[in-house]
Amino acid sequence: SSSGRIYAVDTLKDPKAPSLHKAVEPADILAKTGLTYPHTAHCLGSGDIMVSCLGDKDGNAEGLGFLLLDPDFNVKGRWEKPGNSPLFGYDFWYQPRHNTMISTSWGAPAAFTKGFNLQHVSEGLYGRHLYVYDWSTGELKQQLDLGSTGLLPLEIRFLHDPSKDTGFVGCALTSNMVRFFKNADDSWSHELAISVKPLKVKNWILPEMPGLITDFLMSLDDRFLYFVNWLHGDIRQYNIEDVKNPVLTGQLWVGGLLQKGSPIVVETEDGGTWQADVPEVQGKRLRGGPQMIQLSLDGKRLYVTNSLFSTWDKQFYPEMVEKGSHMLQIDVDTEKGGLAINPSFFVDFGDEPGGPSLAHEMRYPGGDCTSDIWI
């Protein structure tokens, strides 16, 4: 968040009327840690809360790291060992049974807060590394360079099974899912797991459009992996029971720049054109593209919102900023695989009392598929 403020919201007293419990002020965080732009939060076994931060007070990706709050949301300090900051920050996941935490790298706030500029990638203002830490000491042990196939690694997840030493990371710009895993010597490696090819298009800012994988998750039983292509507009489901060979089992178009009615068309290999057939839900045309997802604990209901970051929303989906975002429910076939829009569920954030709103992250009060880590 550009404000740097962290809000603790009480959802226990009255789940239907959440109340503000406490605000952690940015001046306090900055004075005690030098950190700004907080992003991902995870609870630790100790009761402390760890938050990844993306930059310094000037929006540079320098001196960034990981904020620790105590159970009462007081600033404790930084988690990582001094001198062990990553070059860029974004998401992280820890796996205590392997004494490892791995973080990802979006880019410098000074770059991404102004909208996406491809030149900033070549100028080194965006990341392509995973940072592997010793969980017990906060020492940076290894940097995994994902190379040209792993640009802008965003969300990262280990398998939920705490004994397993493997997981996935979604690389947004190159639209690849990369699997990482531990070697026999306790070092870590990575390999390309799933690749979404860019599409040749007309009437867009570039001749080819990446899918832009912005979020993914895995079911609690580690059978299925789901990810979204924010620009193309599809949600995908893969069976990952064999983690080395993911199998596509479901795909659904729920928005995107390629839907029928858009000026942008895909050029097919046979010289024709193609656009995605996106249904209306409760009489509403679906705006934007699928962006954040959350899966019910039983794996049968996948919820999806469509706002990434307001500056990027304005750049790629101005209509969504004007009319507000929405939330859908996708019904999941957990036996054979498959996805279908639930026509009875539609939350329109354009109707919010304070004006059109942009919906992003979703969380279950009792735990969910992207925040629970077993120790």
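Note: the structure precedes this text.
For clarity, every value in this text was computed on a predicted model and none was experimentally measured.

So, on to the packing of aromatic side chains. The description of an aromatic ring pair rests on the distance of the ring centres and on the angle between the ring planes. A complete count under the given rule lists 23 aromatic pairs for this structure. Ring geometry for Phe158 against Trp188: centres 5.8 Å apart, planes inclined by 85°, an arrangement best described as edge-to-face. Placement of Phe158 in strand β11 (residues 153-158) and of Trp188 in strand β14 (residues 188-195) is noted, with a sequence separation of 30 residues between them. On the basis of relative accessibility, which here comes to 4%, the residue Trp188 falls in the buried class. Taken together through their ring pairs, the aromatic side chains of Tyr90, Trp106, Phe112, Phe116, Tyr126, Phe309 and Trp312 make up a single cluster. One residue, Arg157, lies across the ring of Phe216, its end atom 5.5 Å from the ring centre.

In terms of burial, β11 is largely enclosed, as 6 of its 6 residues are buried. Here β11 pairs with strand β12 (residues 166-171) via 4 bridges, running antiparallel. When the sheet's bridge partners are listed, Pro153 is paired in β12 with Cys171.

Bringing the pairing of strand β13 (residues 176-182) into the picture now. Burial runs high along β13: 6 of the 7 residues are buried. Pairing of β12 with β13 involves 6 bridges; the strand directions are antiparallel. The residue of β13 that forms the bridge with Phe168 is Arg179. Count of turn residues in the β12/β13 antiparallel hairpin: 4 residues, of which Ser175 carries a positive phi of about 55°. Across 7 bridges, β13 lies against β14 in antiparallel orientation. By the bridge assignment for β14, Arg179 is matched with Glu191. Between β13 and β14, which pair antiparallel in sequence order, lie 5 residues; one of them, Asp186, sits at a positive phi of approximately 75°.

Definitions and limits used
Residues numbered from 1 in each chain as written. Predicted model: local features only at pLDDT ≥ 70, side-chain atom pairs only at ≥ 80, totals over all residues. Heavy atoms only, no water. Phe/Tyr/Trp six-rings, centres within 6.5 Å; stacked < 30°, edge-to-face > 60°. Helix = DSSP H or I, 4+ residues; strand = E, 2+ residues; numbered from the N terminus. Buried < 20%, exposed > 50% of the residue type's maximum accessible area, 1.4 Å probe, protein only. Lys NZ or Arg CZ within 6 Å of the ring centre and 35° of its normal. Pairing = 2+ DSSP bridges.

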